Structure formats: C-alpha cells, structure tokens
Amino acid sequence: MNETTGGVEMDEEVSGVVKKFLYVNRKAPYGTIYALESLEVVLIAAAFDQDVSLVFMDDGVYQLAKGQHTKSINVKNFSPTYRALEGYDIEKLYVEKESMDARGLTAADLIVPVTMLSTAEMADLMESQDVVLSF
Amino acid sequence: MPIVVNGQSFETDEEGYLTNRNDWNEDLAKEMAKVDNCALSDSHWEVINFLREYYDEYQIAPAVRVLTKAIGKKLGPDKGNSKYLYELFPYGPAKQACKYAGLPKPTGCV
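Note that the coordinates shown come from a computational prediction; the quantities given were computed from them, not determined experimentally.

The rules behind each value
Residues numbered from 1 in each chain as written. Chains lettered and ligands numbered in written order. Predicted model: local features only at pLDDT ≥ 70, side-chain atom pairs only at ≥ 80, totals over all residues. Helix = DSSP H or I, 4+ residues; strand = E, 2+ residues; numbered from the N terminus. Expected span 1.5 Å × (residues − 1). Buried ≥ 20, exposed ≤ 12 C-beta atoms within 10 Å, placed from the backbone. Arc of directions from axis to C-beta. Contact = placed C-beta atoms within 7 Å. pLDDT = per-residue confidence, 0-100. Axes fitted to C-alpha atoms, helices over the stretch in contact; angles between N-to-C directions. Parallel < 35°, antiparallel > 145°, perpendicular 65-115°, else oblique. Nonpolar A, V, L, I, M, F, W, Y, C, P; charged D, E, K, R; others polar.

## Concerning helix α2 (residues 34–45) of chain A
For an α-helix, the turn length of 3.6 residues means that residues three or four places apart are oriented alike. All names here are of chain A. Helix length check: α2, at twelve residues, gives a terminal C-alpha distance of 16 Å against a target of 16 Å (1.5 Å per residue), a fit within 8%. Those residues of α2 that sit buried are A35, S38, L39, V42 and L43. The arc that holds every buried residue of α2, seen down its axis, measures 135 degrees, which confines them to one face. Against the buried residues of α2 lie β1 (20–25) and β2 (51–56).

## A word on the environment of P106 of chain B
Residues and elements named next belong to chain B. Among the structural elements, P106 can be located in the segment after α5 (93–100). Between the C-alpha atom of P106 and that of A63, which follows or precedes it by 43 residues, the distance is 5.8 Å. Those residues in contact with P106, other than ones at most four positions away along the chain, are A61, P62, A63, A94, K95 and C98.

## Digging into the confidence of the model for chain A
Here chain A shows a mean pLDDT of 91. Residues at 70 or above account for 89%. This stretch, residues 1–9 of chain A, has a pLDDT under 50; its non-local contacts, to residues over four places away or in other chains, come to 25 contacts.

## Topic: the packing of helix α2 (residues 42–58) of chain B against helix α3 (residues 64–75) of chain B
Residues and elements named next belong to chain B. Orientation of α2 relative to α3, taken along the N-to-C sense of each, is 105 degrees, at an axis distance of 11 Å. The orientation of α2 relative to α3 falls into the category roughly perpendicular. Two secondary-structure elements touch here, α2 through E46, V47, F50 and Y54 and α3 through A70, I71, K74 and L75. Within the contact of α2 with α3, the residues separate by chemical class into six nonpolar, no polar and two charged.

This is the structure:
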C-alpha cells in the first residue's frame, strides 16, 4: 500500500464492493502481540473503505480499559490509539456485557464510547458479517 | 544511517526516520529537510507541529487520509486538501512530514 491508496483521489475513481468486516479481540492488551497486531491491521485496512466493526470480549475488554501504565513492563501504551479510530471512520465498537461483568468493568472504565451487547446479541452480530477476523 | 546536527549524531532507520522520538528538535527537522532539498516554511511547520501533537495524543502517525481530514478540521478547508499538502510535501504529506516531525512512518505506508 502506498499513500495514494488511502487518498481522496482514489475514492473518486474506484468504488469496489463494500463488505462487512468484524475484528474480534479476545486477548489482554499486553503479554502477547495479538491486541497491537489487530489494531494495526484495523488501521491499515481502514484505507479500503469497508464496513468495519470491532468486538472486544473475554480479556480483550481490557484493551479498552482506562489507566494503562506500561512503563514497568517496558512496552508502549498503545491504548490512546483506540481514540484515533473515530478519525479513521471506525465508529462501531462493541463489548460483550458478560465479559465486562465478569471483570467488574462498566462502560465508564473504558477510554472510548462502546455499544454493550449480550452474548446472544454478539452471536447475531457475527452472523451478519461477511468476514470475521479473530485475534 | 545517523544524521548529524550541530555536531551531535542521531540514530535513524534505513529510511531516515528518527529512531528515538525524544531526540527530536527543530534543527534536526531542518537538517532532514535540507537533505531532501526542502526549506521549511511556516506552512511546513504548521503541519509538522500538528503531527507532533497528533502523535502525543494518539500514539500513532496518522494515515494521509486521516491527516488531511484532521488538518481541514483544525486549519480550514484551504489547507485540509491533498493538493495543498502534496505541494508542501511532494514525497507524500504523511510520509515526509512525519519524518521531519521525528515520528515513525505512518502505519500502513510502504
């Protein structure tokens, strides 16, 4: 991908099929590379103007938790980047209520606005997608 | 390949992006621009400073589409368009301006 791929000029010339992409994030933000890799894939894929949704469930809900301090584990705190997603026109963020409840988290503990879905509603959301990518 | 400014050497990656963002200063930006035969005007600085603020807030260098939109929001539509930004930074506004701003290359740029 080069810079013009994401450019305005491209949007006017090429309009392909828009598919529904769902990225499912299930792992804690640090300790494995999954959370960061998922976020990077989402940011890169944003250039293709698809219908993108993000789901956070299981320990993945911690990716959006406020107050991540990573200095002592010597890795970058990338949680502020989730707040940049809006600028990339990625505005559909879902968290699973059961996962939040099990960890004592509420929407107020998260750094970005999200839609809370039950496990059953989550299943419907996944069913409605063209592509589901799990991280 | 390190870049030398005021007798001090700074580490960069193979494409000239600064390795340690905290090394950055204005002279360093000017020197990087000079290598590309580019003299930095106030208009260039406006974009460079915008990128540094964006990085501080979001911890990423924005894609060019996002940069263009965000510049438009902050500095007005006459600056938030591809033509204006490409005239300032012919190697690609995100790519080139990020380099001078001491940021990593935007995610997704080759």
